[in-house]
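# Topology and contacts: notes
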Amino acid sequence: MKNPFYLILCMGLLLSSTETFAQKKKINLAKSTVFDPANRPKNLSDTALLELVQKQTFRYFWDFGHPVSGLSRERSNTSFDYGGEVVTTGGTGFGIMSMIVAAERKWYPRDSIANRVAKMLKFLAKADNYHGVFPHWLNGETGKTIPFGRKDDGGDLVETSFLMTGLLCARQYFDQDTEAERTIRSRVSWIWNELEFDWYTRGNPNQLYWHWSPNQGWAMNFELRGYNETLITYILGAASPRYPITAQVYNKCWAESDHFKNGKEFYGVKLPLGFDYGGPLFFTHYSFVGLDPRNLKDRYANYWEQNVNHTLINYKHCVANPGKFKGYSDKNWGLTASDTYNGYNAHSPTNDFGTITPTAALSSFPYTPELSMKALRHFYDDMGDKLWSEYGFIDAFNESQNWYANSHLAIDQGPIIVMIENYRTGLLWKLFMQDTDVQNGLKKLGFESPAIK
């Protein structure tokens, strides 16, 4: 069976350069003459700190969004000779959800945010797609595909699912009778209706594939088997109004692998599904920025239990610190995919090299609020001089190596804003779960949830 961490392995190969996009402009992102983390607000209440973290992190998507398309840049530093032209489809989905939070919390005028989202949708409507499915990376100025790998130069069904989650939330939220908000609703519906999930089965009712390219065909040959971050792809596939997948492919492909069911205990915590020790924490974030896991069940698991327990195992591992890494403690924890001192890696209890990634603990606020708050206090109050920047927290750090990232990634920054908001108000969960198509998809796959009418 193919390595389930294909995405992370590819990113590890591509994200090897450490020259920052900001350095080309002679600005250091983390400690510039414009921004001094030592002057950050002090002695904040928990509520004020959460608000500040969300709002500051939002600057990555608002201030650093691509100037032509408005889409979310992949990262704040160059990689493999790519720079500020690279926008990410999945990260843009998280960015759009962040814009909904900004509008709701009135950080910027609603009409300004609606105009930005409408601009992004007009760009996406003309951008490269493959049977309605967008590539992982686009050129933010031209809308042309930027290959993610030598054979990965076509549709990426998973990244498109992350994007579509954000778009469906936007269709629900922007419900006013203005030109921009009407544009948002109509463009989202058009993109959604043209997304051919069934094409990515290759005509086989028991399989669903991640990639297809007109140049490479099915050469990537990567089936979407669980358990990992791609659950949302099946739910949206079943929800598709024009090109749906069947429940059979969910049960015969997603749920059929040697790393789907678990049931063992790790650090005294039972893990229903997935790899031993749970894998990287983004498994509990990416599919669940919109999908509400609270009392969400199917024949395989209770997904609230799954996500809480996965997070607790990750936390307990960092507290136990079997690798004896500097800094690990009950307030300094969180292993997930991120930049690290020698490239990029999918950090987890079974792949631990001492790198803590703030998004891991902070995007877990719904699951472990007290533990996540303790981590947030440590990152901000104790380590803020090294970790805080004009775009929120830096991507990652490794105290054993005395290494602190000078980068920010859309797929790490976005879940911080969105999952903290879901912890505070449940906003994105409410928007996504009230979508009629989403409800139909969940019913089709046999899910139960209090949100399903």
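So, here is what we can say about the structure in this document. Along each chain, numbering runs from 1 in the same order as the chain's sequence is written. Given that the model is predicted, a residue must reach a pLDDT of at least 70 before its local features are reported, and side-chain atom pairs must reach 80 or more before they are shown or counted; all residues, however, enter totals for whole chains, interfaces and linings. Note: side-chain values were computed over all heavy atoms of the structure, leaving out hydrogens and water.

### Focus: the overall build of the chain
As a reminder, the rule being used: Helix and strand labels come from DSSP, where a helix needs a run of H or I of at least four residues and a strand needs a run of E of at least two; each type is numbered from the N terminus. Only C-alpha atoms enter the radius of gyration; for comparison, a globular chain is expected to reach 2.2 Å times N to the power 0.38, where N is the number of residues. Three labels apply to residues, based on accessible area from a 1.4 Å probe with only protein chains included: buried if under 20% of the type maximum, exposed if over 50%, partly exposed otherwise in between. Pairs of residues are marked as contacts when any of their non-hydrogen atoms sit within 4.5 Å. Here, Shrake-Rupley sampling with a 1.4 Å probe gives the accessible areas, and only protein chains in the shown set may cover a residue.
The secondary structure content of the chain amounts to 16 helices and 13 strands. Here the chain has a C-alpha radius of gyration of 20 Å; the compact-globule value for 453 residues is 22 Å, and the two agree. Each of the three principal axes of the chain carries a C-alpha extent, and together these read 55 × 50 × 45 Å. For the chain, the proportion of its 453 residues judged to be buried stands at 66%. Counting contacts in the chain only where the partners sit at least 6 residues apart, residues at least 24 apart contribute 69% of the total. Of the roughly 16200 Å² of accessible surface on the chain, 46% is carried by carbon and sulfur atoms.

### A short note on the sheet that holds strand S3 (residues 145-146)
To be explicit about the condition: Strands are labelled as partners when DSSP assigns at least two bridges between them.
Strand order across the open sheet formed by 3 strands is S1-S2-S3, with antiparallel pairing between neighbours. Each having just a single partner strand, strand S1 (86-88) and S3 make up the two edges of the open sheet. Inspection of the sheet shows S1 paired to strand S2 (residues 137-139) by 3 bridges, in the antiparallel sense. When the bridges of S2 are listed, Val-87 appears paired with Leu-138.

### Overview of the packing of helix H3 (residues 46-62) against helix H12 (residues 369-382)
Each pair of packed helices can be described by the angle between their axes along with the distance between the axes. Heads up, the rule is: With axes taken as lines fitted to C-alpha atoms, and helix axes fitted only over the stretch in contact, angles between N-to-C directions fall between 0 and 180 degrees. An angle below 35 degrees is treated as roughly parallel, one above 145 as roughly antiparallel, one from 65 to 115 as roughly perpendicular, and anything else as oblique. By the definition used in this description, the sense in which the near helix is turned from the far one sets the handedness, with an anticlockwise turn below a right angle giving left-handed and a clockwise turn giving right-handed.
Running from N to C, H3 and H12 cross one another at 70 degrees; their axes reach a closest spacing of 11 Å. With respect to their mutual orientation, H3 and H12 come out roughly perpendicular. In this structure, H3 crosses over H12, and the sense of that crossing is left-handed. Residue-level contacts link Asp-46, Leu-49, Leu-50, Leu-52 and Val-53 of H3 to Met-373, Leu-376, Arg-377 and Tyr-380 of H12.

### A short note on H12
The following threshold applies: In this scheme, a helix's expected span is set at 1.5 Å multiplied by one less than its residue total.
The terminal C-alpha atoms of H12 lie 19 Å apart, and with 14 residues this matches the ideal 20 Å at 1.5 Å per residue to within 8%. For H12, every residue scored as buried is listed here: Leu-371, Ser-372, Met-373, Ala-375, Leu-376, Arg-377, His-378, Phe-379 and Tyr-380.

### Let's talk about the environment of Arg-225
Rule in force here: Polar contact is the term for a pair of N or O atoms within 3.5 Å; when the atoms are in protein, one must be able to donate a hydrogen and the other to accept it, and sequence-neighboring residues count only if both atoms are side-chain atoms.
Tracing the chain through its elements places Arg-225 in the loop between strand S5 (211-212) and helix H8 (231-239). The spacing of Arg-225 and Ala-396 is 171 residues in sequence and 29 Å in space, taken between C-alpha atoms. Engagement of the side chain of Arg-225 in a polar contact is seen with the side chain of Glu-223, the distance being 2.6 Å. Here Cys-253 takes part through its backbone oxygen, which lies 3.2 Å from a polar atom of the side chain of Arg-225.

### A short note on the packing of aromatic side chains
Cut-off, in case you're wondering: In this analysis, rings of Phe, Tyr and Trp, with Trp reduced to its six-membered ring, are considered paired at centre separations within 6.5 Å, and the interplanar angle assigns stacked below 30 degrees, edge-to-face beyond 60, and tilted for intermediate values. Two conditions define a charge located above a ring, namely a distance within 6 Å from the ring centre to NZ of Lys or CZ of Arg, and an angle within 35 degrees of the ring normal.
For the structure on display, the rule yields 44 aromatic pairs. An angle of 10 degrees between the planes, with centres 6.2 Å apart, marks the rings of Phe-397 and Tyr-404 as stacked. The exposure class of Tyr-404 is partly exposed, given its relative accessible area of 21%. An aromatic cluster of three or more residues is present, and its members are Tyr-227, Tyr-234, Tyr-250, Trp-254, Phe-260, Tyr-300, Tyr-303 and Phe-447. Stacked on the ring of Trp-62, the Lys or Arg Arg-116 has its end atom at 4.1 Å from the ring centre. Geometry around Tyr-209 places Arg-202 over its ring, the cationic atom sitting 4.8 Å from the centre.

### Regarding helix H5 (residues 110-126)
In this model H5 runs 25 Å from its N-terminal to its C-terminal C-alpha over 17 residues, within 8% of the 24 Å that 1.5 Å per residue would give. Three or more residues of H5 are buried, namely Ile-113, Ala-114, Arg-116, Val-117, Ala-118, Met-120, Leu-121, Phe-123, Leu-124 and Ala-125. In the core, the buried residues of H5 are packed alongside H3, helix H4 (89-104), S2, helix H6 (157-173) and helix H7 (179-193).

### Here's the deal with the pairing of strand S9 (residues 343-346)
Direction of pairing for strand S8 (residues 337-340) relative to S9: antiparallel, over a ladder of 4 bridges. Each bridged residue has a counterpart across the sheet, and for Ala-337 the counterpart in S9 is Ala-346.

### Observations regarding the environment of Gly-354
Structurally, the position occupied by Gly-354 is in the loop between S9 and helix H11 (358-362). Using a relative accessible area of 2% as the deciding quantity, one classes Gly-354 as buried. As a C-alpha pair, Gly-354 and Lys-264 span 90 residues in sequence and 25 Å in three-dimensional space. Aside from chain neighbours lying at most four places away, what touches Gly-354 is Phe-325, Tyr-328, Phe-397, Asn-398 and Glu-399.

### A short note on the nonpolar core
Test applied: The criterion is simple. A nonpolar core is a set of buried Ala, Val, Leu, Ile, Met, Phe, Trp, Tyr and Cys residues joined through side-chain atoms within 4.5 Å.
Tyr-234, Leu-291, Tyr-303 and Phe-447 are the most contacted members of the largest nonpolar core, which totals 105 residues. In terms of residue count, the dominant contributor to this core is H6 (10 residues). Once residues within four sequence positions are removed from consideration, Phe-447 is found in contact with Leu-231, Ile-235, Tyr-250, Leu-296, Lys-297, Asp-298, Tyr-303, Leu-442 and Ile-452. The next biggest cluster of nonpolar side chains, apart from the first, holds 31 residues, and it includes Leu-52, Phe-325, Ile-356 and Met-373.

Just distances and angles here, no functional claims.
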